[in-house]
Amino acid sequence: MPAIHFGDGSTAKNVEQAGQQHRRLSSPASSKLQRMSPASPSVTMNGKINGVHPNGRQPAVNGSGKAGLQSRKRKHVYMDASDDEPADTKGHKANGVTINVNGRDQQFRRNSGNLNGTSSAGSSKSRELQEQRKQLPIAQGREALIEQIANHHVTVLLGETGSGKTTQVPQYLLESGIAGSGIIAVTQPRRVAATSLAARVAAEQGTTLGGLVGYSVRFDEVAGPDMRIKYMTDGMLVRELLSDPLLTRYSVVVVDEAHERTLRTDLLITKLKTILKKRNGGIFPEGKGKGKAAATSGNPLKVIIMSATLDAEKFSKFYNNCKILYVKGRQHSVKIYHTAESQVDYVDAALRTFFQIHVDHPPGDVLIFLPGQEDIESLDKSIRLYANRLPVDKMAVMTCPMFAALPPAQQAKIFQSTPTNTRKCILATNIAETSITIPGIKYVIDTGKHKEKLHLAHDTGSGFDALLTRDITKSSAMQRAGRAGREDKGYCFRLYTEEAFEAMAVSSEPEIRRTSLTSAALQLKCLDEDIEDLDFMDRPDVESIMSALKSLWFLNAIDKSRRITDAGRSMAAFPLEPNLASAVLESVKNTCTLEVIDIVSVLSSTSKLFFDISDEREAAAEVRRKFRHRSGDHMTIVNALRSYQDVAATESKAARKEWCRKQYLNERTLLEAIKIRDQLRATCEKMGIDWRTSAQDDEKLVTKSLFRGLVLHSALLQPDGITFKQVYGRSVIKIHPGSTLADQKVPAIIYDELVYTNHIYARGVSAIPKAFLAEISIQIKNWVA
DNA sequence: GAGCACTGC
C-alpha cells in the first residue's frame, strides 16, 4: 500500500517529526499562546469591554495551549480568552466578562456510553462527589458566576467541553438561592443527555432521582413535588409552552448546547425573549439599573444560554447585548495532520492511514469518521482482510462498526474493553461526534464527509428530501478531532488538505433554515403568534414559511385569513407532524381510528419497520408477502404490527426477537411504535375521542383518512402507465421498488415521502380512488370562496 | 428495479 502523506511531506509514520514541522510553521502563534497561558489556575473577572471569542474563533480543543490545533492564520489561533486579546478585537463593543479558569479534566463524562440507558452516575459516596465537584474547572469561578447571574436577567455562558457547566450551574443556582422557590429547567437537545445528567446531579445532591432533581423526556418522566432542578429535552419545554405560555412554573430556564441550534432550541430562545418582557416588566436590564427590573414582577424569570463554541456574541446580541461569561474547559492536546494532497477515495485513504497508524504508532484505539453505513461496511471488510495478513508479531485488530441503525447488541461492542495485544478500530458516523463518547480513543481519522438531508421545498408545500454526502464544517472537524483528546493527548489525521479545511463553512446552517416549519408554525399559531412575525436569531426563508402555511391551510389547520381553526388546535395536541395528526382527526369521522393510529405510530417512529439488507432483498420480499395488503404499504403496516402483537402475546422475549429477525422486521421500531400508540390513544382519551373504532374490512376508510393528511403527497398515474405526476406539484415520480405497490397499475396514490436518488421515488405508498381527489378539490374551492 | 446521517414531541 502506498503511504498517505500528511502535512508538509511528512507521513503519519513519524508523528514527532510531523508535529515539529507543524509547530515550526505555526511558531508565531504558538509562542504567543504559551506566553498567554496562565501559569496557575486563576480567576480573572474583568468588567471592562472585552471581546470574548471574536467572530470566527474556533473552540479550543487544545485547552493547554500547546502545539496542535492552531493554524498559521491568526484568525484561527486558539488561545485562552484573556485581557490580552489580539489587536483585531480591540475596541470591539461587547459587554464581555471573562472568567478564566484553568482546571483539571474530570473522570466524569457526559453522555458517556449510555446506550443501554444506564446512569453515568457512579456509586461513589456523596463526600467524594463533593470533592470532585470542587475540582471542576467551573468551580473556581463559582462566586463570580453567581454574582453575574444574580444581577442580570439573561446570561450567556460560554463553557468548553469538560468545564462542568451543565452539571454545576443548576446546582449553584439552587444553592445560592437565585432560583427562589421556582423550578430550574435545563434543556438538552438529546434524551440520553437529559436523563443521564439528572442522575448525576441527583447523586451529587445526595438525593434520589425524582426528589430534588428530576427529568422529563418523551415517554419517561421522573419528577416529584420537591423537584427543583429539572433536566428535559428542548422539545418537552416547547410542548409545555402550549399549556403554560409564560412558563410560570420555572424561575430559571437554562438552555444548554445552544450552539447546536436545533429548531426547538431556536424556538425557545425566541419565545424566552418575549416571556422575559412579560414576566420581568418589559425591559431588559442593561448594565445600569441591574437587578431593579426584577422588582416589576412577582415572578421574574432568569435565562441562561449555554454554548460550547462560537456564536456567543450572536446570543448576546439577540438578548440586547447581555453579559457573556467564559469558562475554560480542559482537554488534552490533540495534534492534527492534514494530507499533503486531496484524496479522491476517502475510504481507501482511511484504510491506508489506519494501517500506517497501526504499524508505526503506540497502542491506542482508533476512531474513523465516515458518512454512512455503506462506507462503514465496506471499510470494515477491507480492514479485516488486511489485518489477517499482518505479521504475527503485530497487534491484532478488532473492528467495531457504529451507526444509529445498528442493532443495540452490536452497538454495545464498542464499550467492551479491548482484548490484550489488540487495537480497537471504531468505524462510525456522526453518532460518535456528539451523541456518544467512546472511551480509549487516541487516534481519530476524519474523512471530512457526512450525510446531510436536504429539503427541497416547493411553493405548493410539496417537496422532497435528498440525502447527500457533503463536506463537514469546521466546527464539526474540531469536534471530531477533540474525540482523540478525552483521556490523554491524541492525534487526528484529516484526509483532506489544510486548504480544504480553511474552505469549510464555520458551522452548519441552523436547523430553522433547513427544515420543514409546518409543525413549528402550527404550535406558534396555538400561542396566537405568527412564525412570519417572530424575532428569530436567524430568520427562516420566506419560501419555507409560505410552504409551511400552505401546508397548514391544506390541512384545514388555519383558515384563509391564517387564523388557527379548531381542527388546527386539535392537531397541535398530538405529538405528531400536522399531516399525520390531521389523518387521525379524519379517522374519527371515518370510524377507523384504531388502524390509523397504528399506522401513524409506525410512520413517526425513528427507524423503518422493514429492514432493507441489499444481499437478502429477495428473501425479505418473499417473507413480506404474507403481510401484504392490496391497498398498499399503509395497511401492510397494520398487518405486520398485528402479527407481531399476536406473537408477542404468547412468545418469550427471545422468541419474539427471533421472529422479527426472520420476518426482516425491526423490533426496535415496533416497540417504539407501540409506545407512541399508547401516547396517541391517551391523547385521544383526553380529547374525548374514541380510538377503538375500527375499519374492519373496509380499508377505504383508512386510505381516505390518510389521504386527508397526505393531500399534498398525492399523485396521478400518467399515460405511460409507470410514472406519476404530483397533484399539487410539478414533479414526476415513481413508486419505490421496495413498495408493495411497485409494478401495480393504480390510477392515483398517496405517499409518505419522496426520496431522490437516481429517480424521485415515492415511499410508503397506498392506492386511492380518483374520486377522493375530486372531493378534496371541491372542498378547497369552497374555502377559498 | 432499490442504496437512510442524526435528533425531538
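Under an unreviewed UniProt entry, the name given to chain A is RNA helicase, and the organism recorded is Neolentinus lepideus HHB14362 ss-1. Per UniProt, chain A has the following entry under Catalytic activity (unreviewed entry): "ATP + H2O = ADP + phosphate + H(+)". In its Sequence similarities (unreviewed entry) section, the UniProt record describing chain A reads: "Belongs to the DEAD box helicase family. DEAH subfamily."

Undergrad: Is there a simple way to think about the overall build of chain A in this case?
TA: Counting its secondary structure elements, chain A contains 25 helices and 24 strands. By residue count, 56% of the 785 residues in chain A fall in the buried class. Partitioning the intrachain contacts of chain A with sequence separation of at least 6 by distance along the chain shows that 75% fall at a separation of at least 24. Summing over all exposed atoms, chain A offers an accessible surface of approximately 33500 Å²; the carbon and sulfur share of this is 50%.

Undergrad: Looking at this structure, I do not really get the protein's contact with DNA strand B. What am I missing?
TA: Around DNA strand B, the surrounding shell holds 36 residues, and the nearest of these are Arg-191, Ala-404, Arg-617, Pro-737 and Thr-757. Each atom of DNA strand B within 4 Å of the protein was classed as base or backbone; sugar and phosphate made up 55%. Within the backbone of Arg-191, an N or O atom sits 2.4 Å from a phosphate oxygen of DNA strand B. Here a phosphate oxygen of DNA strand B sits 2.9 Å away from a polar atom, N or O, in the side chain of Thr-233. If you list the elements that add at least two residues to the surface near DNA strand B, you get α7 (234-243), β17 (449-457), β23 (748-756) and β24 (760-767). The biggest single contributor to the surface near DNA strand B is α7, with 3 residues. Residue composition of the surface near DNA strand B, by class: 12 nonpolar, 11 polar and 13 charged.

Undergrad: When you look at the layout of surface pockets in this model, what are you seeing that I'm missing?
TA: Over the atoms rolls a probe the size of a water molecule, and in doing so it shows where empty space is left. If you add up the space inside the second largest pocket, you get close to 310 Å³. Among the residues forming the lining of the second largest pocket, the class breakdown is 9 nonpolar, 3 polar and 5 charged. Among the domains, domain 4 (518-709) and domain 5 (710-785) are the pair contributing at least three residues each to the lining of the second largest pocket.

Undergrad: Would you take a moment to explain the pattern of salt bridges for this structure?
TA: A side chain of one charge can pair with a side chain of the opposite charge when the charged atoms of the two come close. Under the criterion given, the structure shown has 38 salt bridges. For Arg-569, the salt bridge goes to Asp-528, with nearest N and O atoms at 3.9 Å. Here Asp-528 lies in the loop between α15 (518-526) and α16 (542-554) and Arg-569 lies in helix α17 (residues 566-573), a separation of 41 residues in the sequence. A salt bridge links Arg-677 to Asp-598; the nearest nitrogen and oxygen atoms lie 3.1 Å apart. Here Arg-677, found in helix α23 (residues 667-686), pairs with Asp-598, found in helix α19 (residues 593-603); they are 79 residues apart in sequence, far enough to count as distant. Classification of Arg-677 by relative accessible area gives buried; the value is 6%. Connected through salt bridges with shared partners, the residues Arg-133, Arg-142, Glu-143, Glu-175, Arg-200 and Glu-204 form a single ionic network.

Undergrad: Even after reading the chapter, I still don't get the sheet that holds strand β16 (residues 441-446), so can you show me in this structure?
TA: Sheet strands line up and pair through hydrogen bonds in the backbone, either parallel or antiparallel. Taken together, the 6 strands give an open sheet; going across it, the order is β12-β19-β16-β13-β15-β14, and neighbouring strands pair in parallel fashion. Looking at strand neighbours, the two that pair on one side only are β12 (334-338) and β14 (396-402), the edges of this open sheet. Across the sheet, the mean angle from the axis of one strand to that of its neighbour is 20°, orientation sign disregarded. In this structure, strand β13 (residues 365-369) lies alongside strand β15 (residues 422-428), joined through 4 bridges in parallel fashion. When the bridges of β15 are listed, Ile-368 appears paired with Leu-427. Those strands touched by helix α10 (residues 346-360) are β13, β14, β15, β16 and β19 (490-494), and its axis lies near 155° from that of β16.

Undergrad: Help me out: how do you make sense of the pairing of strand β22 (residues 732-735) in this one?
TA: Regular strands place side chains that alternate from one sheet face to the opposite one. The side-chain alternation of β22 yields one buried face, formed by Ile-733 and Ile-735, and one unburied face, formed by Val-732 and Lys-734. Summarising the sheet, strand β21 (residues 724-726) and β22 pair through 2 bridges and their orientation is antiparallel. Residue Lys-725 lies in a different strand from β22, and its bridge partner there is Val-732. Between β21 and β22, which pair antiparallel in sequence order, lie 5 residues. Relative to β24, β22 runs parallel, the two sharing 2 bridges. Bridge assignment links Ile-735 to a residue of β24, and that residue is Ala-762.

Undergrad: I keep staring at the packing of aromatic side chains and nothing clicks. Help me out?
TA: Applying the stated criterion across every chain yields a total of 11 aromatic pairs. Aromatic side chains Phe-6 and Phe-493 sit 5.2 Å apart centroid to centroid with 70° between the ring planes, which places their arrangement in the edge-to-face category. Of this pair, Phe-6 sits in strand β1 (residues 5-6) while Phe-493 sits in strand β19, and the two are 487 residues apart along the sequence. A residue is classified by how much of its surface remains accessible, and Phe-493, at 0% relative accessible area, is buried. Grouped by ring-pair contacts, the aromatic residues Phe-6, Tyr-337 and Phe-493 constitute a single cluster. Positioned above the aromatic ring of Phe-318 is the side chain of Lys-273, whose terminal nitrogen or guanidinium carbon lies 4.0 Å from the ring centre.

Undergrad: I'm lost on the environment of Asp-380 in this one. Help?
TA: Examined against the element boundaries, Asp-380 turns out to sit in helix α11 (residues 373-387). Between the C-alpha atom of Asp-380 and that of Leu-351, which follows or precedes it by 29 residues, the distance is 9.1 Å. Excluding its chain neighbours within four sequence positions, the residues that come into contact with Asp-380 are Thr-399, Pro-401 and Leu-427. A distance of 3.1 Å separates a polar atom in the side chain of Asp-380 from a polar atom in the side chain of Arg-384. At 2.6 Å, the side chain of Asp-380 forms a polar contact with the side chain of Thr-399.

Undergrad: How should the environment of Ser-739 be read in this particular structure?
TA: With respect to the helices and strands, Ser-739 occurs in the loop between β22 and β23. Taking the C-alpha atoms as reference points, Ser-739 and Gly-632, separated by 107 residues in sequence, lie 7.6 Å from one another. Polar side-chain contacts of Ser-739 include one of 3.0 Å to the backbone nitrogen of Leu-741.

Undergrad: What should I look at first to understand the side chain of Gln-663 in this one?
TA: Topologically, Gln-663 is positioned in helix α22 (residues 653-663). Excluding residues within four positions of it along the chain, Gln-663 makes contact with Val-623, Lys-626 and Phe-627.

Undergrad: Even after reading the chapter, I still don't get the packing of helix α18 (residues 578-589) against helix α24 (residues 699-709), so can you show me in this structure?
TA: The relative placement of two packed helices comes down to the angle between their axes together with the axis-to-axis distance. For the pair α18 and α24, interaxial distance at closest approach is 7 Å and the crossing angle is 140°. As judged from the angle between their axes, α18 and α24 are oblique. The interaxial crossing formed by α18 with α24 has right-handed handedness. Each of Asn-579, Ser-582, Ala-583, Glu-586 and Ser-587 in α18 lies in contact with α24, whose residues at this interface are Lys-704, Ser-705, Leu-706, Arg-708 and Gly-709.

Undergrad: What's the story with the nonpolar core in this structure? I'm lost.
TA: Soluble globular proteins tend to pack their nonpolar side chains together in the buried interior. In this structure, Val-253, Ile-305, Tyr-319 and Phe-574 are the most contacted members of the largest nonpolar core, which totals 90 residues. For this core, the element with the highest residue contribution is helix α8 (residues 263-279), accounting for 7 residues. When neighbours within four sequence positions are excluded, Val-253 is seen to be in contact with Ala-185, Leu-237, Leu-247, Leu-272, Leu-301, Lys-302, Val-303 and Ile-304. Ile-138, Ala-139, Tyr-172 and Val-186 belong to the second largest nonpolar core, which has 32 residues in total.

Scoring rules and cut-offs
Residues numbered from 1 in each chain as written. Chains lettered and ligands numbered in written order. Predicted model: local features only at pLDDT ≥ 70, side-chain atom pairs only at ≥ 80, totals over all residues. Heavy atoms only, no water. UniProt positions renumbered as here; feature names shortened; annotations may be inferred. Helix = DSSP H or I, 4+ residues; strand = E, 2+ residues; numbered from the N terminus. Buried < 20%, exposed > 50% of the residue type's maximum accessible area, 1.4 Å probe, protein only. Contact = heavy atoms within 4.5 Å. Areas by Shrake-Rupley, 256 points an atom, 1.4 Å probe, with all protein chains shown as cover. Near = heavy atom within 4 Å. Polar contact = N/O pair within 3.5 Å; in protein donor to acceptor, adjacent residues only side chain to side chain. Nonpolar A, V, L, I, M, F, W, Y, C, P; charged D, E, K, R; others polar. 1 Å grid on protein atoms, 1.4 Å probe; cavity = no way out; pocket = protein on both sides within 12 Å on 5 of 7 lines; lining within 4 Å. Points joined across faces, edges and corners; volume = space filled by probe spheres on them. Domains from an automatic or database assignment. Salt bridge = Lys/Arg side-chain N within 4 Å of Asp/Glu carboxyl O. Pairing = 2+ DSSP bridges. Axes fitted to C-alpha atoms, helices over the stretch in contact; angles between N-to-C directions. Phe/Tyr/Trp six-rings, centres within 6.5 Å; stacked < 30°, edge-to-face > 60°. Lys NZ or Arg CZ within 6 Å of the ring centre and 35° of its normal. Parallel < 35°, antiparallel > 145°, perpendicular 65-115°, else oblique. Left-handed = near helix turned anticlockwise from the far one by under 90°. Core = buried A, V, L, I, M, F, W, Y, C linked by side-chain atoms within 4.5 Å.

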